[in-house]
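Residues per chain, in single letters:
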2 protein chains.
Amino acid sequence: MKIVIIGCSGHYGYALDGISFNNKYTIVGISPGVEEENIDKIYEKVRKDHQEVRVYKDYLRMIEELNPEIAVVNTYCTKNEEIVINLLQRDIHLFIEKPLTTSMDSLCKIKDAYSKSKSHLCSMMGIRYHAAFLTAYQIVKEGGIGKVKLINAQKSYKLGQRGNFYEKRDYYGGILQWVGIHGIDWIYYFSGQEFSSVYGRSSELIEKDGNEIEMSGVCQFELTNGVYATLVTDFYRPETANSHDDDRLRVVGTKGIIEVRDNQVFVMSNDREGSQEIHLLEEKNIFEDFLESIEGNKTCFVSSAEVFEVTKASIYAKESADHNKIMFWNEVN
Amino acid sequence: MKIVIIGCSGHYGYALDGISFNNKYTIVGISPGVEEENIDKIYEKVRKDHQEVRVYKDYLRMIEELNPEIAVVNTYCTKNEEIVINLLQRDIHLFIEKPLTTSMDSLCKIKDAYSKSKSHLCSMMGIRYHAAFLTAYQIVKEGGIGKVKLINAQKSYKLGQRGNFYEKRDYYGGILQWVGIHGIDWIYYFSGQEFSSVYGRSSELIEKDGNEIEMSGVCQFELTNGVYATLVTDFYRPETANSHDDDRLRVVGTKGIIEVRDNQVFVMSNDREGSQEIHLLEEKNIFEDFLESIEGNKTCFVSSAEVFEVTKASIYAKESADHNKIMFWNEVN
């Protein structure tokens, strides 16, 4: 099966890792998604295992000439709507960087195109497949903490050096959409509930090395059945810290509390004494899962319905922050 | 100096501990604040060191007959306004359980009475004096993490057996006012900023052993100078956990991040390698500090102005939750 890669501004690495042990798939083409993207580096990487890979300037010409089954898209968010609709109209399966898009108008158009397409669609929510998150989710799903009532999510990153992609907030969606969306995803699938409302705040845009950065953002969600959730995001993690990110999740249930911290999982519950560290399941690869779902062997852990809803929640969070008001699901849309 | 205790529904223990090494102070009287309070147990405790202590049914008769300099008040919140105003009018110094009161109307009356009184007033924000919180605050105050930009506070408690005091939510103010107020206090004094807005949510009241309990609550605060804060509270801590409470605080600054967790303090900053555990300062007693401030040797770490503002923030948080709307400081009052 033929795969193309459009853009190089995100986590295309998931795809390279996911097909590295499977010679059924060949990367046949690479193009930038927008002019500003320099694809030299990704080309060098891909060429090692896919000598025949061709480079295009224009993604549309690439898909028309190469006729791929699958596209990996990770470019400026502002370009996603056009690319996604073009791919969906051609029934090309789509593995795309989050956020899928940055406005409700655009999300509606994409959902409409998806409903008329045969494409499978998955977004790069790769953290779901990390060992600690897989392990915690299994325990919650099996009822190990009872009914979920409260979730607290944290995404703290080093700012480091950010590329052109951050030159405009719209290119990446701002801190709540680019960073926070993972936390929003955790809140959504760990709770098993639907979103009711969100109130988000994000810090003012500062100029840093020519980029537009929001250094911090917070959100508070209400979900169905009286579930509440908080999300904190920031780029303040010191450069001296021992990892790039400090991802944390705390899920509080009627029978116990589970936490993911430092890639470890801790559980307290009425059945256990004190706080216990849990042996981790094995890490998986999101792209491999997506490929298997296309082949029909299984459903993808990250469903298209979830991608659409989590994207919507991230857009609402950002719009809430921008207009300083609560966004209610039953009022809009 | 003569001290009386009114009520027994809260942390009068701070006062007993605080005067245990100082024979300048004598507890001369104890009364319930409301009829429902049974003061037998506190009487037995107090009598050991203060043999002359007298028991009254009516707090007003007690203060009129005994003429104390200081009153320790911890009774049903619904009774506080009346008691506090009676004490302030007599210039009796006041060490009172939080929340000071549960409505803005009542808070205004208390502030008015305070402005005409010679009394000192302090609320039972005793967690400020715990070793880990003292240590963390000293580091933040000395600039160890730069300018504070983001704060996340957690108060997770075992539900355990709650007394009559919880029979009606109004008696204790609900989870955001009774439990959450400590986190609101941390947010206020660690940030060094003023509150701008709060959006709070709290879970539905459930009946549990004849009491009205909100099992969880969350708040999101905005403060001046672009500081955001989240607060989570719950009564879901399993009974098997190794402590009653799981107090946590994370303060994110422009140069580092400090955390209080498990009564320990951890700091990351650009000046340090990785996350470092900090040697703790010695724990102090809030009532001792209050007594010293009355004697004029120093100002109390918990000022009356802070008590009023934190009480207001807790009332706003509750009202926000009750009406499902953001409360803005510049719109109301």
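Residues numbered from 1 in each chain as written. Chains lettered and ligands numbered in written order. Predicted model: local features only at pLDDT ≥ 70, side-chain atom pairs only at ≥ 80, totals over all residues. Heavy atoms only, no water.

A. The arrangement of the sheet that holds strand β17 (residues 327-328) of chain A in detail. Residues and elements named next belong to chain A. Strand order in the open sheet formed by nine strands is β16-β15-β14-β13-β7-β12-β11-β8-β17, with mixed pairing between adjacent strands. The sheet terminates laterally at β16 (276-277) and β17, the two strands that pair on one side only. As judged from the eight bridges shared by strand β11 (residues 216-223) and strand β12 (residues 227-234), these two strands associate in the antiparallel manner. When the bridges of β12 are listed, Ser216 appears paired with Asp234. (Pairing = 2+ DSSP bridges. Helix = DSSP H or I, 4+ residues; strand = E, 2+ residues; numbered from the N terminus.)

B. Broad picture of the packing of helix α4 (residues 77-89) of chain A against helix α5 (residues 104-115) of chain A. Residue and element names in this part refer to chain A. The contact between α4 and α5 brings their axes to 9 Å, and the two run at 10°. Our classification of the angle between α4 and α5 gives roughly parallel. Touching Glu81, Val84, Ile85 and Leu88 of α4 are Ser106, Lys109, Ile110, Ala113 and Tyr114, all from α5. Split into classes, the residues belonging to the contact of α4 with α5 amount to six nonpolar, one polar and two charged. (Axes fitted to C-alpha atoms, helices over the stretch in contact; angles between N-to-C directions. Parallel < 35°, antiparallel > 145°, perpendicular 65-115°, else oblique. Contact = heavy atoms within 4.5 Å. Nonpolar A, V, L, I, M, F, W, Y, C, P; charged D, E, K, R; others polar.)

C. How the structure looks around empty space enclosed by the protein. Per the stated rule, a full pass over the model turns up two cavities of 30 Å³ or more. Looking at the largest cavity, its volume works out to about 310 Å³. If you trace the largest cavity, you find 22 residues lining it, with Asn152, Gln154 and Arg248 of chain A together with Asn152 and Gln154 of chain B closest to the centre. For the lining of the largest cavity, the residue count by class is eight nonpolar, six polar and eight charged. Taken as a whole, the second largest cavity spans an internal volume of roughly 30 Å³. (1 Å grid on protein atoms, 1.4 Å probe; cavity = no way out; pocket = protein on both sides within 12 Å on 5 of 7 lines; lining within 4 Å. Points joined across faces, edges and corners; volume = space filled by probe spheres on them.)

D. Quick peek at helix α4 (residues 77-89) of chain B. Across its 13 residues, α4 of chain B extends 19 Å between first and last C-alpha, which sits within 8% of the 18 Å expected from 1.5 Å per residue. What α4 of chain B keeps buried is the set Cys77, Asn80, Ile83, Val84, Ile85, Asn86, Leu87 and Leu88 of chain B. (Expected span 1.5 Å × (residues − 1). Buried < 20%, exposed > 50% of the residue type's maximum accessible area, 1.4 Å probe, protein only.)

E. Geometry of the interface of chain A and chain B. Between chain A and chain B, the contact holds 46 residues from the first and 46 residues from the second. Taken together, the two surfaces of chain A and chain B that pack against each other cover about 3700 Å², and 55% of this comes from carbon and sulfur. Where chain A packs against chain B, one counts six salt bridges. Ionic pairing is found between Asp234 of chain B and Arg250 of chain A, a salt bridge with its closest N-O pair at 2.9 Å. Joining chain A to chain B, the criterion identifies 23 residue pairs in polar contact (both at pLDDT 80 or more). Contributions of two or more residues to the side of chain A that touches chain B are made by β7 (148-157), β8 (195-202), β11, β12, β13 (245-253), β14 (256-261) and β15 (264-269) of chain A. Here the side of chain A that touches chain B is composed, by residue class, of 14 nonpolar, 19 polar and 13 charged. (Buried area = accessible area lost by both parts, 1.4 Å probe. Salt bridge = Lys/Arg side-chain N within 4 Å of Asp/Glu carboxyl O. Polar contact = N/O pair within 3.5 Å; in protein donor to acceptor, adjacent residues only side chain to side chain.)

F. Structural view of the relation of the copies chain A and chain B. With an RMSD of 0.0 Å, the operation that places chain A on chain B is a rotation of 180° combined with a shift of 0.0 Å along the axis. In symmetry terms, the pair is related by a two-fold rotation axis. Here 100% of the interface residues in chain A have copies in chain B that are interface residues too; the copies meet face to matching face. (Least-squares fit on C-alpha atoms with pLDDT ≥ 70 in both.)

G. Representation of the sheet that holds strand β1 (residues 2-6) of chain B within the structure. All names here are of chain B. The strand order across the open sheet formed by six strands is β3-β2-β1-β4-β5-β6, and the pairing between neighbours is parallel. The strands lining the two open edges of the sheet, one partner per strand, are β3 (54-55) and β6 (121-123). Here β1 runs beside strand β2 (residues 26-31); their pairing, made up of five bridges, is parallel. Opposite Ile6, over in β2, you have Ser31 as the bridge partner. Contacting β1, β4 (70-73), β5 (93-96) and β6, helix α10 (residues 286-294) crosses the sheet at an angle of about 165° to β5.

H. The arrangement of the packing of aromatic side chains in detail. Residues and elements named next belong to chain B. Per the counting criterion, the structure on display carries 47 aromatic pairs over all chains. Residues Tyr188 and Phe195 carry aromatic rings whose centres are separated by 5.1 Å and whose planes lie at 10° to one another, so their mutual orientation is stacked. Each member of the pair, Tyr188 as well as Phe195, is classed as buried. A cation sits over an aromatic face here: Arg128 above Tyr189, 3.9 Å from the ring centre. Over the aromatic face of Phe301 sits the side chain of Arg128, whose NZ or CZ is 4.9 Å from the ring centroid. (Phe/Tyr/Trp six-rings, centres within 6.5 Å; stacked < 30°, edge-to-face > 60°. Lys NZ or Arg CZ within 6 Å of the ring centre and 35° of its normal.)

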